[in-house]
Number of protein chains: 2
Amino acid sequence: MHKELVENIGEKELIKRLAKFMPKNQVEDDCAFIQTNNNNLLINTDALVENIHFNEETITPIDLGWKSVASNISDLLSSGSKKTIGITISLIIPSNTEWEWVEKLYKGINQALDYFGGVIIGGDCSAGKEKVISITAVGIQGDIKLRRNACKPGEIILTTGTHGLSKLGLMIKNKTKFEKNIFLTKKLTNQSLQHFCRPKLNTDFLKVLLKARSNKKITKIGCTDSSDGLFQALEDLSIASNCKAIIDYEKIPKHKDWPEGEEWDKYYFFGGEDYQLIFSLPKKWANSVSNLDKNIKQIGYFTKGEIGVEFKNCKNNKLLSSKPFKHF
Amino acid sequence: MHKELVENIGEKELIKRLAKFMPKNQVEDDCAFIQTNNNNLLINTDALVENIHFNEETITPIDLGWKSVASNISDLLSSGSKKTIGITISLIIPSNTEWEWVEKLYKGINQALDYFGGVIIGGDCSAGKEKVISITAVGIQGDIKLRRNACKPGEIILTTGTHGLSKLGLMIKNKTKFEKNIFLTKKLTNQSLQHFCRPKLNTDFLKVLLKARSNKKITKIGCTDSSDGLFQALEDLSIASNCKAIIDYEKIPKHKDWPEGEEWDKYYFFGGEDYQLIFSLPKKWANSVSNLDKNIKQIGYFTKGEIGVEFKNCKNNKLLSSKPFKHF
């Protein structure tokens, strides 16, 4: 079958084709124009590099497109964005990339934007040795500012959901051999692949927070997403807010078929790319929130003391000596 | 001398060091927060890839930092930005890059931001095979919208300045051998190197336009920047506005020491990276503008007809068969 390479398309034609993935009212120009209607904005930039963040063997271009959008919008949500305005895409691809690959990537990007909200508002494209997708997303700041540095001692730590599934999905894609006594149920396997390839986001999170809030004077709370793993999220909150996270291992929500063992704890806490929101609230608000949304679980609390993460009710002593994934 | 490589710094420390280039009130978080104060915004993304847009032999990291900012802000200015709010930086670097290189790049970035306005508001950093600097700049839309598609038949075409200097600067850096009869004056050489390494921008352009405007009903005019060369800018305006550009070769402003010849015309029209603004205005407004700012020159006009660029008073027939620089 004849494969069309981007180097044979020509730059002008390539830009024209990419412009077709933008809404019709978004004219190709030097800049995108954003009507803010007196809203304050949130802006986030994330780069995905081939063989660092993804590779051709484990993810299709259409899923990669979806995921690159999800990863950016997750950051907007973790800052309290109430609506995504749009994204700009900086795409670097080797000149022998097939046009079909680019088309599928953009198809996945638009599927995610249709699902999570937002449109492509601009971007840039160039040749390069390896694929890089750098996305900048712009969202509208909602009524509560979610910030890493706003956790307070005494507050309850919550998570919007379970962890480790995306990491397991990646390992299944990589055909990782697990220990002999490990049995993965069909349900766990399918859900893990789903989490890895097509992560969903907690788009209603801000609404739940607002609905459960009784004290309207509180307009800022501590929050981040767990894109770099649950442990990293807790550590980031602890450092930025200058307090200590105490996590009750027994309260951690796990998939009901999640295997036990030290290795599986590692996947759970350091896996990354689950895009849950990790946040802290005063006790009353925390209780209302977890009553309102049964997926949201209380997993510990912040306290005064040395910054860092401490586990209680945890038999796995090796857990804290593990290291998060490094991009260098 | 001991060189510190980024792979030996560690990711956390690297992020900490990069955060030092941001203003102190800009807390490292998942997103940057932009208070819009009811202004509409302009947003632009540009990627620079090593060995495509730059290489170590021709530009220092500090100049590269300056230039990557200038290139983005030029796009904001060409859309009518009255103020740059800030930029996010997506930086991809091989893990054996020296920290000193990164430090100098960011120094150049901040020098340009100090000069042109704006601050670093966020970004991302990852390892990769080759260096990529992708910048997204956010500016405030001023009182006149400058858009590629707003040129009209009958309007005068203007340029904020001369072209070709940046290309000549690059050729001097590349130790290009020119024909024997070509003599480059010291002034031309120095100014060309300056244009290539440390391009200036027409930051007062919008003010001049507003000052010269007699009919306040006109709030949108045709404009783009010449970052991909004067010819490309004219062609882009022609295509987006669906009219024909007629350029009077004799009116083209050249550096007084610019050599003559077909090759030199090519450098002039196709060189790129001069960051002038190319725009069109009704005759009266055009005259006021070029009276107010002596660097702004009238070089032709738009007319009904097939889209494209036509020269008059030009003896160089080969000119139009030249091709702009390709990124693929």
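Residues numbered from 1 in each chain as written. Chains lettered and ligands numbered in written order. Predicted model: local features only at pLDDT ≥ 70, side-chain atom pairs only at ≥ 80, totals over all residues.

Counting secondary structure elements, chain A contains nine helices and 12 strands. Its C-alpha atoms give chain A a radius of gyration of 21 Å, near enough to 20 Å, the size a compact globule of 328 residues would have. Looking at chain A as a whole, 50% of its 328 residues are labelled buried. Pairs at least 24 apart in sequence give 92% of the contacts found in chain A among residues at least 6 apart. (Helix = DSSP H or I, 4+ residues; strand = E, 2+ residues; numbered from the N terminus. Rg over C-alpha atoms; globule rule 2.2 N^0.38 Å. Buried ≥ 20, exposed ≤ 12 C-beta atoms within 10 Å, placed from the backbone. Contact = placed C-beta atoms within 7 Å.)

This part is about the sheet that holds strand S7 (residues 156-159) of chain B. Residues and elements named next belong to chain B. The mixed open sheet is built from seven strands, whose spatial order is S6-S8-S10-S7-S11-S9-S12. Here the strands that pair on one side only, and so sit at the sheet edges, are strand S6 (145-147) and strand S12 (308-312). In this sheet, neighbouring strand axes are inclined to one another by 35° on average, regardless of whether the strands run parallel or antiparallel. Both strand S8 (residues 220-225) and strand S10 (residues 277-281) contribute to a ladder of four bridges, which runs antiparallel. Bridging across to S10, Thr224 finds its partner in Ile278. Against the sheet, helix H9 (residues 283-292) makes contact with S7, S10 and strand S11 (297-303), and its axis sits at roughly 20° relative to S7, the strand it touches most. (Pairing = 2+ DSSP bridges. Axes fitted to C-alpha atoms, helices over the stretch in contact; angles between N-to-C directions.)

With that settled, consider the nonpolar core. Core analysis: the largest hydrophobic core is formed by 180 residues, its most contacted members being Val69 of chain A together with Val69 of chain B. Not counting residues within four places of it along the chain, the set of residues in contact with Val69 of chain A comprises Ile87, Ile109, Ala112, Leu113, Phe116 and Ile135 of chain A. (Core = buried A, V, L, I, M, F, W, Y, C linked by C-beta atoms within 7 Å.)

Before going further, it helps to examine the interface of chain A and chain B. In this complex, chain A contributes 55 residues to the contact, which on the side of chain B involves 55 residues. Listing elements by their share of the side of chain A that touches chain B, those giving two or more residues are helix H1 (11-19), strand S1 (32-34), strand S2 (41-49), helix H2 (61-77), strand S3 (81-93), strand S4 (119-127), strand S5 (132-141) and strand S8 (220-225) of chain A. When residues of the side of chain A that touches chain B are assigned to their parent elements, the largest contribution, eight residues, is made by S2 of chain A. Partitioning the side of chain A that touches chain B into residue classes produces 20 nonpolar, 22 polar and 13 charged. The pairing of S2 of chain A with strand S1 (residues 32-34) of chain B spans three bridges and is classified as antiparallel. Residue pairing for S1 of chain B: Ile43 of chain A is matched across the bridge by Ala32 of chain B. (Nonpolar A, V, L, I, M, F, W, Y, C, P; charged D, E, K, R; others polar.)

Residue and element names in this part refer to chain A. For helix H6 (residues 205-212), the set of buried residues is Phe205, Leu206 and Leu209. What you see down the axis of H6 is that its buried residues fit within an arc of 95°, all on one side. Contacts made by the buried residues of H6 are with H2, S3, strand S10 (277-281) and helix H9 (283-292). (Arc of directions from axis to C-beta.)

Our focus in this paragraph is unusual backbone geometry. Residues and elements named next belong to chain A. With a phi angle near 65°, Asn38 is a residue other than glycine that sits in the positive phi range. Among the secondary structure elements, Asn38 is positioned in the loop between S1 and S2. Here Asn38 falls in the exposed class, since 8 other C-beta atoms lie within 10 Å of it. Phi at Glu273 takes a positive value of approximately 60°, unusual for a residue other than glycine. Examined against the element boundaries, Glu273 turns out to sit in the loop between helix H8 (262-270) and S10. For Glu273, a count of 23 C-beta atoms within 10 Å puts it in the buried group.

Mapping chain A onto chain B leaves a residual RMSD of 0.0 Å; the transformation is a rotation of 180° accompanied by 0.0 Å of translation along its axis. Here the transformation between the copies is reduced to the relation of a two-fold axis. Across chain A, the rotation axis passes nearest the C-alpha of Asn38 of chain A, at a separation of 2.0 Å. Both copies share a contact surface, since 100% of the interface residues of chain A are interface residues in chain B too. (Least-squares fit on C-alpha atoms with pLDDT ≥ 70 in both.)

Take helix H3 (residues 99-116) of chain A next. At 3.6 residues per turn, the α-helix brings residues three or four places apart onto the same side. Residue and element names in this part refer to chain A. The terminal C-alpha atoms of H3 lie 26 Å apart, and with 18 residues this matches the ideal 26 Å at 1.5 Å per residue to within 8%. Within H3, burial applies to Val102, Leu105, Tyr106, Gly108, Ile109, Ala112, Leu113 and Phe116. Relative to the axis of H3, the buried residues are bounded by an arc of 155° and lie together on one face. Looking at the buried side of H3, the elements it contacts are H1, H2, S3 and S4. (Expected span 1.5 Å × (residues − 1).)

Attention now goes to the sheet that holds S1 of chain B. With respect to topology, five strands assemble into an open sheet ordered S4(A)-S3(A)-S5(A)-S2(A)-S1(B), the strand pairing being mixed. The outermost strands of the open sheet, each flanked by one partner alone, are S4 of chain A together with S1 of chain B. Neighbour to neighbour, the strand axes of the sheet diverge by 20° on average, direction disregarded.

What follows is about the domain arrangement of chain A. Residues and elements named next belong to chain A. When cut into domains, chain A gives domain 1 (6-141) and domain 2 (145-321). Using C-alpha coordinates to define each centre, domain 1 is positioned 27 Å away from domain 2. Each side of the interface is counted separately: domain 1 has 17 residues, and domain 2 has 20 residues. Classifying every residue of the side of domain 1 that touches domain 2 by side-chain character gives six nonpolar, seven polar and four charged. (Domains from an automatic or database assignment.)

On a regular strand, one side chain projects to one face of the sheet and the next to the other, so that they alternate. Residues and elements named next belong to chain A. Of the two faces of strand S9 (residues 244-248), only the one carrying Ala245 and Ile247 is buried; Lys244, Ile246 and Asp248 on the other face are not. The pairing of S9 with strand S12 (residues 308-312) spans five bridges and is parallel. If you follow Lys244 over to S12, its bridge partner there is Gly308. Here S9 pairs with strand S11 (residues 297-303) via four bridges, running antiparallel. The partner of Ile246 across the bridge, within S11, is Tyr301.

Once that is clear, we can look at the confidence of the model for chain A. Averaged over chain A, the pLDDT score is 93; the fraction of residues at 70 or greater is 95%. Listed scores for the predicted complex are pTM 0.93 and ipTM 0.92. (pLDDT = per-residue confidence, 0-100.)

Turning our eyes to something else, we now look at the environment of Thr203 of chain B. Within the secondary structure, Thr203 of chain B is located in the loop between helix H5 (186-197) and helix H6 (205-212). The spatial distance from the C-alpha of Thr203 of chain B to the C-alpha of Ser81 of chain B is 9.2 Å, given a sequence separation of 122 residues.

Residues and elements named next belong to chain A. Put simply, H6 and H9 touch, their axes get as near as 9 Å, and they point 125° apart. As summarised for this structure, H6 and H9 are arranged oblique, according to the angle between their axes. Crossing of H6 against H9: the hand is right-handed. Residues Val208, Leu209, Lys211 and Ala212 of H6 form the contact with H9, whose own contacting residues are Trp285, Ser288, Val289 and Leu292. Residues of the contact of H6 with H9, tallied by class, amount to six nonpolar, one polar and one charged. (Parallel < 35°, antiparallel > 145°, perpendicular 65-115°, else oblique. Left-handed = near helix turned anticlockwise from the far one by under 90°.)

Turning to the packing of helix H4 (residues 165-173) of chain B against H5 of chain B, a few remarks are in order. All names here are of chain B. Running from N to C, H4 and H5 cross one another at 100°; their axes reach a closest spacing of 7 Å. The angle between H4 and H5 places the two elements in the roughly perpendicular class. Residues Leu165, Ser166, Leu168, Gly169, Leu170, Ile172 and Lys173 of H4 pack against Thr189, Gln191, Ser192, Leu193, His195, Phe196 and Cys197 of H5. When the residues that make up the contact of H4 with H5 are grouped by side-chain class, the tally is seven nonpolar, six polar and one charged.

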